[in-house]
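The primary structure of each chain is shown beneath.
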Amino acid sequence: MNGNSLMQYHIFISRHLDSLSPFHLLDKKRYCITGISLLKVTLMTINAIPACSWIFFYSRNGILSFWHNIQHHSLTIPSKIKFACLGPGTAQMLEKQIGHPPHFTGSGHPESSAKLFSQLLLPEDIVCFVTANNSKNSVEQLIPPWVKCNKVIAYHNEPNVEIKIAESDAYIFTSPMNAEAFYTIKKGFPPGRYIAIGETTATRLFELGAEEVVIAPFPSEKELIRVLCISEELIL
């Protein structure tokens, strides 16, 4: 089925879509979009931020937890702190909180982001990574060993396997854990086009048994839509 059909093309994406998501711009007569995170996320109490000169956010959930603690648990941010984000989506959310872009925004890919971020660091810098309890700590592992690091566990996430997922024409995955939850819920991979937001998510899909996965070159929703349209010959 493609975008020329009179029937709707059904797209599943493993995240909640905010009001500004480009997926909402797709023709609703042609496309039916379902955006559901397959994770249970629990915000954790942060009692204090370790001494640092940079705070690095991996994800939007880290920012949500961080500012929840500022508002409800009297968490304070050290003065003259610099902010960094792994990708543009996280950076956009952070900008809404602090009123200006972060001092560093990565590509969304750990390897290239770690390389560029390391070039900004001075010998006296200390980086505090805001992570999930089961984070792979990808950037922290890739920056030079001379960089001083600590971390704050901001949230706990786990697969939510109680969600029902309707059959779709395309399935878009935004993290390895979402892929794992989908596999458990569906007991495999039903027919359809499979798209991953990045290499790490694609690798997990292949490990679980997906035979063909299209990988977005850049981890953004616009890019996910672009590669879907190209791979399926869809008309916007």
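When pLDDT is averaged across the chain, the result is 93; 97% of the residues are at 70 or more. When the criterion is pLDDT under 50, residues 1-5 qualifies, and its contacts beyond four places in sequence or with other chains add up to 15 contacts.

At their nearest, the axes of helix α1 (residues 60-72) and helix α2 (residues 88-98) sit 9 Å apart, and the two run at 20° to each other. In terms of orientation, α1 and α2 fall into the roughly parallel class. Pair α1 / α2 crosses with right-handed handedness. Of the residues in α2, those touching α1 at R60, I63, L64 and W67 are G89, T90, M93, L94, Q97 and I98. Grouping the constituent residues of the contact of α1 with α2 by class yields six nonpolar, three polar and one charged.

On to the sheet that holds strand β5 (residues 82-85). Hydrogen bonds between backbone atoms are what pair the strands of a sheet, whose relative direction is either parallel or antiparallel. Spatially, six strands are ordered β3-β8-β7-β4-β5-β6 in an open sheet, and the strand pairing comes out mixed. Of all the strands in the sheet, just β3 (39-43) and β6 (104-105) have a single pairing partner and so form its edges.

With parallel pairing, five strands are arranged side by side in an open sheet as β2-β1-β9-β10-β11. Every other strand in the sheet has two partners, leaving β2 (31-35) and β11 (214-215) as the edge strands with one partner each. The pairing of strand β1 (residues 9-13) with strand β9 (residues 170-173) spans three bridges and is parallel. Looking at the pairing, F12 lines up with Y171 of β9. Lying on the sheet, helix α7 (residues 221-232) is in contact with β1, β9, β10 (193-196) and β11; it crosses β10 at an angle near 150°.

Let us look at the packing of aromatic side chains. Each pair of aromatic rings is reported with the distance of its centres and the angle of its planes. One pass over the structure, following the stated rule, counts 22 aromatic pairs. Each ring, one from F57 and one from F66, has its centre 5.2 Å from the other, and the planes form 90°; the classification is edge-to-face. Linked through ring pairs, F12, Y171, F173, F182, Y183, F189 and Y194 together constitute an aromatic cluster.

One can find S65 in helix α1. Its relative accessible area of 0% is what places S65 among the buried residues. Not counting chain neighbours up to four residues away, the residues in contact with S65 comprise L43, M44, I46 and A154.

Three- or four-residue spacings in an α-helix give side chains the same orientation, since the helix completes a turn every 3.6 residues. Those residues of α2 not exposed but buried are G89, T90, A91 and L94. Each element contacted by the buried residues of α2 is listed here: β4 (54-57), α1, β5 and β6. Downstream of α2 by one or two residues, G99 has phi in the positive range, about 85°.

Once that is clear, we can look at the nonpolar core. Soluble, globular proteins show a tendency: their nonpolar side chains are buried together. Residues I49, I55, F57, F66, W67, F83 and L94 are the most contacted members of the largest nonpolar core, which totals 20 residues. For this core, the secondary-structure elements that each account for two or more residues are β4, α1, β5, α2, β7 (126-132) and β8 (148-159). Residue contacts for L94: discarding those within four places in its chain leaves F57, I63, W67, F83, C85 and P102. Among the nonpolar cores identified, the runner-up in size contains 19 residues, and I11, I225, V227 and L234 belong to it.

Criteria and thresholds
Along each chain, residue indices are assigned from 1 in the same order as the chain's sequence is written. With the structure being a predicted model, the display of local features is reserved for residues of pLDDT at least 70 and the display and counting of side-chain atom pairs for 80 or more, all residues being used for whole-chain, interface and lining totals. No hydrogens and no water enter the side-chain calculation; it runs on all heavy atoms of the structure. A score from 0 to 100, pLDDT tells how confident the predictor is in each residue. Whether two residues are in contact is decided by their heavy atoms: any pair within 4.5 Å suffices. Axes here refer to lines fitted to C-alpha atoms; in helices the fit is confined to the stretch in contact. Angles between the N-to-C directions go from 0 to 180 degrees. Runs of H or I in DSSP of at least four residues are treated as helices and runs of E of at least two as strands, each being numbered from the N terminus. Oblique is the label for any angle not under 35 degrees, not over 145, and not in the 65 to 115 range, which are roughly parallel, roughly antiparallel and roughly perpendicular in turn. A clockwise turn of the near helix away from the far one marks a right-handed crossing, whereas an anticlockwise turn of less than a right angle marks a left-handed crossing. The nonpolar class holds Ala, Val, Leu, Ile, Met, Phe, Trp, Tyr, Cys and Pro. Asp, Glu, Lys and Arg form the charged class, and all remaining residues, Gly among them, are polar. Here the rule is simple: two strands pair whenever DSSP picks up at least two bridges between them. Pairing of aromatic side chains requires ring centres within 6.5 Å, counting the rings of Phe and Tyr and the six-membered ring of Trp. Pairs whose planes differ by under 30 degrees are stacked, by over 60 edge-to-face, and all others tilted. Burial here depends on accessible area, computed with a 1.4 Å probe over protein chains only, as a share of the maximum for the residue type. Under 20% is buried, over 50% is exposed, and the range in between is partly exposed. In this description, a nonpolar core means a group of buried Ala, Val, Leu, Ile, Met, Phe, Trp, Tyr and Cys residues linked to one another through side-chain atoms lying within 4.5 Å.

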